[in-house]
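Listed here are the chains, written in short residue letters.
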Amino acid sequence: MTFAFVAPADELQIRNLIARYAYAIDGGEKEAFASLFLEDGAWSRENPPPATQDGSGPAQAVRGRAGLMALIETATIPRWRLKARHQMTDVLVEPGADENSAKVLYRALVTDWREGPGRVAMSVNYTAACVRTDAGWKFATVSARVLPE
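Residues numbered from 1 in each chain as written. Predicted model: local features only at pLDDT ≥ 70, side-chain atom pairs only at ≥ 80, totals over all residues. Heavy atoms only, no water.

Peer 1: Describe the overall build of the protein chain, with residues and values.
Peer 2: Along the protein chain, the regular secondary structure elements total three helices and six strands. Going from the N terminus to the C terminus, the protein chain shows its helices and strands as α-α-β-β-α-β-β-β-β. Taken over C-alpha atoms, the radius of gyration comes to 15 Å for the protein chain, in line with the 15 Å a tight globule of 149 residues would show. Considered along the principal axes of its C-alpha atoms, the protein chain spans approximately 45 × 35 × 25 Å. Each of the 149 residues in the protein chain was classed as buried or not, and the buried ones make up 40%. Once local pairs closer than 6 in sequence are excluded, the contacts in the protein chain between residues at least 24 apart make up 54%. As displayed, the protein chain offers around 8100 Å² of accessible surface, 57% of which is attributable to carbon and sulfur atoms. Charge-centre separation for the protein chain: the mean point of 17 positive side chains lies 5 Å from the mean point of 18 negative side chains. (Helix = DSSP H or I, 4+ residues; strand = E, 2+ residues; numbered from the N terminus. Rg over C-alpha atoms; globule rule 2.2 N^0.38 Å. Buried < 20%, exposed > 50% of the residue type's maximum accessible area, 1.4 Å probe, protein only. Contact = heavy atoms within 4.5 Å. Areas by Shrake-Rupley, 256 points an atom, 1.4 Å probe, with all protein chains shown as cover. Lys, Arg positive; Asp, Glu negative; His and termini not counted. Charge placed at Lys NZ, Arg CZ, Asp CG, Glu CD.)

Peer 1: Let's hear about the pattern of salt bridges: which residues, and what values?
Peer 2: If you walk through the whole model with that rule in mind, you get eight salt bridges. A salt bridge links R132 to D10; its shortest N-O distance comes to 2.8 Å. Remark: D10 occurs in helix α1 (residues 8-27) and R132 occurs in strand β5 (residues 119-133); sequence separation between them is 122 residues. On the basis of relative accessibility, which here comes to 30%, the residue R132 falls in the partly exposed class. Each of the salt bridges in this network shares a partner with another, and the network as a whole consists of D112, R114 and R119. (Salt bridge = Lys/Arg side-chain N within 4 Å of Asp/Glu carboxyl O.)

Peer 1: Could you give an account of α1, with specific residues and numbers?
Peer 2: Compared with an ideal rise of 1.5 Å per residue, which puts 20 residues at 28 Å, α1 spans 28 Å between its outermost C-alpha atoms and is within 8% of the ideal. All of the buried residues in α1 are D10, I14, L17, I18, Y21, A22, A24, I25 and D26. Remark: G28 follows α1 within two positions and exhibits a positive phi of approximately 65°. (Expected span 1.5 Å × (residues − 1).)

Peer 1: Describe the nonpolar core, with residues and values.
Peer 2: Y21, F33, W43 and F139 are the most contacted members of the largest nonpolar core, which has 36 residues in total. Excluding anything up to four places from it in sequence, Y21 contacts F33, L36, F37, W43, M88, Y126, F139 and V142. (Core = buried A, V, L, I, M, F, W, Y, C linked by side-chain atoms within 4.5 Å.)

Peer 1: Before we move on, can you summarise the sheet that holds strand β4 (residues 101-112) with the specific residues and values?
Peer 2: Strand pairing in a sheet relies on backbone hydrogen bonds. The paired strands run either parallel or antiparallel. Strand order in the open sheet made by the six strands is β2-β1-β6-β5-β4-β3, with mixed pairing throughout. Unpaired on one side and paired on the other, β2 (60-63) and β3 (84-95) mark the two borders of the sheet. Shown here is a sheet whose adjacent strand axes are inclined to one another by a mean of 15°, direction ignored. Looking at chain direction, β3 and β4 are connected through ten bridges and run antiparallel. Looking at β4, one finds that E94 is bridged to K103. This element, α1, spans β1 (37-45), β3, β4, β5 and β6 (136-147) of the sheet and lies at about 160° to β3. In the packing of helix α3 (residues 64-80) onto the sheet, the strands contacted are β1, β2, β3, β4, β5 and β6, and the crossing angle to β1 comes to about 40°. (Pairing = 2+ DSSP bridges. Axes fitted to C-alpha atoms, helices over the stretch in contact; angles between N-to-C directions.)

Put into structure tokens, the structure is as follows:
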């Protein structure tokens, strides 16, 4: 079996992008969150988790910086009250179509601290496409699939 790799410096920058995603979404930092994406970047939740699992909402898609900021402002902050934490794991960075693009798979274990002691709220499987820009690596797309289904 042969594996393809991106340059180590690029992989570190992409891993940093993922960490910034977690800090921004958990901190309700809408401008910081949106800045991680291309100007026309897109985020989508592919499936609505069951209501009994206290998931993060229905399937939805947003595009562009204004939509990404609205996602934080209208979905993340009111629902989680800045008391959720995304622990990003299992990051797999693979080359894209050229040296300026990458395909990324990663997971998040989301914990909920709204009612005192934390509990596992959900697990999320992410698929992302990243692009190298003059300002560094950015998300072109991020797709979230929430467990349990």
